[in-house]
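Close look at the chain arrangement
Each chain, written out:
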Amino acid sequence: MNILLIETATQICSVVLASEGKVVAHRESDTPNAHSTCLSVFIDEVLKESHLTPRELGAVCVSAGPGSYTGLRIGVSTAKGFCYALGIPLLSVPTLLSMAALYYRQHPDYHGLVCPMIDARRMECYTMIVKGERLKVKGEMEILRDTHADILDNTSHLSPFTSYLDRGEVMFIGDGAEKTKDILGVHCNARYDNNFCLSAKGMLELAETRLREGKMEDVAYFEPFYLKDFVAKKSVVHGLR
């Protein structure tokens, strides 16, 4: 089956076309605020590279958040449009879980825990702690600590992570990890991968598992997981209030 994977939860705009469990084409950009201009172009390009038409897609999977309000809206609305028009299943994968899955996929010899982090501005991060040993066998991830919005501005906020760090290595990844080094990095079991980059490739195994288990989303009513309410900023354009 051909599955289109869409990742727009952060600054990264990533599109993957997967067929029979393998990535056959992908496009990615880290250009800020470019999702609205890049996403449709990337989808068209991966379809053409794979010599497929939209009607040959079997499902669309979108990154569900948390993350950028605007980015998530663009990704989900695009995915819904394809699914509604083609009458195919809509799948979703939590963004943090996708990040962890991608790290385990890229580092098959790593057996510790992974803590994906998405920058939520200032000293706040969206976090999750994951154990990924079952990913290679069943396409499953074990979530040890579910999604939280953690404020990490002093050592007292190390406590939610201490019990996991005391047991062994925890790899911190994502665009929110760097700003936590001074706090979480003091623990001897804290590890950081500065080369990690979010990609729609991380959704592949998880999307296939959801499709196999019949865990589809309702195209009409599915909404991204924002975690925090959207706060509109005051316009800086002259003449607007």
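Data block above holds the structure.
A brief structural summary. Please read these numbers as outputs of a predicted model, since none were measured by experiment.

A short note on the packing of helix α3 (residues 95–106) against helix α7 (residues 204–212)
Two elements in contact, α3 and α7, have axes whose closest approach is 8 Å; the angle formed by their N-to-C orientations is 120°. Together, L97, S98, A101 and R105 of α3 and L204, E205, L206 and R210 of α7 make up the contact between the two elements.

Considering the packing of aromatic side chains
The full count for this structure, using the stated rule, is 6 aromatic pairs. Their ring planes at 90° and their centres at 5.7 Å tell us that Y103 and Y110 sit as a pair that is edge-to-face. The burial state of Y103 is the same as that of Y110; both residues are buried. Taken together, the ring pairs connect Y103, Y104, Y110 and F196 into an aromatic cluster. Above the ring of F161, the side-chain terminus of R145 is found at 5.1 Å from the ring centroid.

Side note on the pairing of strand β4 (residues 59–63)
With 5 of 5 residues buried, β4 is to be regarded as a mostly interior element. Taking every second residue as pointing to the same face, both faces of β4 are buried, with A59, C61 and S63 on one and V60 and V62 on the other. Across 4 bridges, the pairing between strand β1 (residues 2–7) and β4 is parallel. Among the inter-strand pairings, I3 is bridged to a residue of β4, identified as A59. As paired elements, β4 and strand β5 (residues 90–93) share 4 bridges and run parallel to each other. Across the sheet, residue V60 finds its bridge partner in β5, namely L90. Running through helix α2 (residues 69–86), the crossover from β4 to the neighbouring parallel element β5 is right-handed.

Description of α7
Looking at α7, one finds that the buried residues are L204, L206, A207, T209, R210 and L211. Of the residues trailing α7, G214 is marked for its positive phi of about 75°.

Things to note about the nonpolar core
The biggest cluster of nonpolar side chains holds 35 residues, and the ones touching the most others in it are L5, C61, V114 and M141. When residues of this core are assigned to their parent elements, the largest contribution, 8 residues, is made by α3. For L5, the contacting residues outside a window of four places in its chain are S14, V15, V16, A18, C61, A200, M203, L204 and A207.

With respect to the sheet that holds strand β3 (residues 22–29)
What the 5 strands build is an open sheet, ordered β3-β2-β1-β4-β5; its pairing is mixed. Taken across any chain shown, the strands that pair with only one partner, and hence form the sheet edges, are β3 and β5. Taking each pair of neighbouring strands and ignoring which way they run, the sheet shows an average axis angle of 20°. Those strands touched by α2 are β1, β4 and β5, and its axis lies near 170° from that of β4.

About the criteria used
Residues numbered from 1 in each chain as written. Predicted model: local features only at pLDDT ≥ 70, side-chain atom pairs only at ≥ 80, totals over all residues. Heavy atoms only, no water. Axes fitted to C-alpha atoms, helices over the stretch in contact; angles between N-to-C directions. Helix = DSSP H or I, 4+ residues; strand = E, 2+ residues; numbered from the N terminus. Contact = heavy atoms within 4.5 Å. Phe/Tyr/Trp six-rings, centres within 6.5 Å; stacked < 30°, edge-to-face > 60°. Buried < 20%, exposed > 50% of the residue type's maximum accessible area, 1.4 Å probe, protein only. Lys NZ or Arg CZ within 6 Å of the ring centre and 35° of its normal. Pairing = 2+ DSSP bridges. Right-handed = clockwise from strand over helix to strand, strands pointing away. Core = buried A, V, L, I, M, F, W, Y, C linked by side-chain atoms within 4.5 Å.

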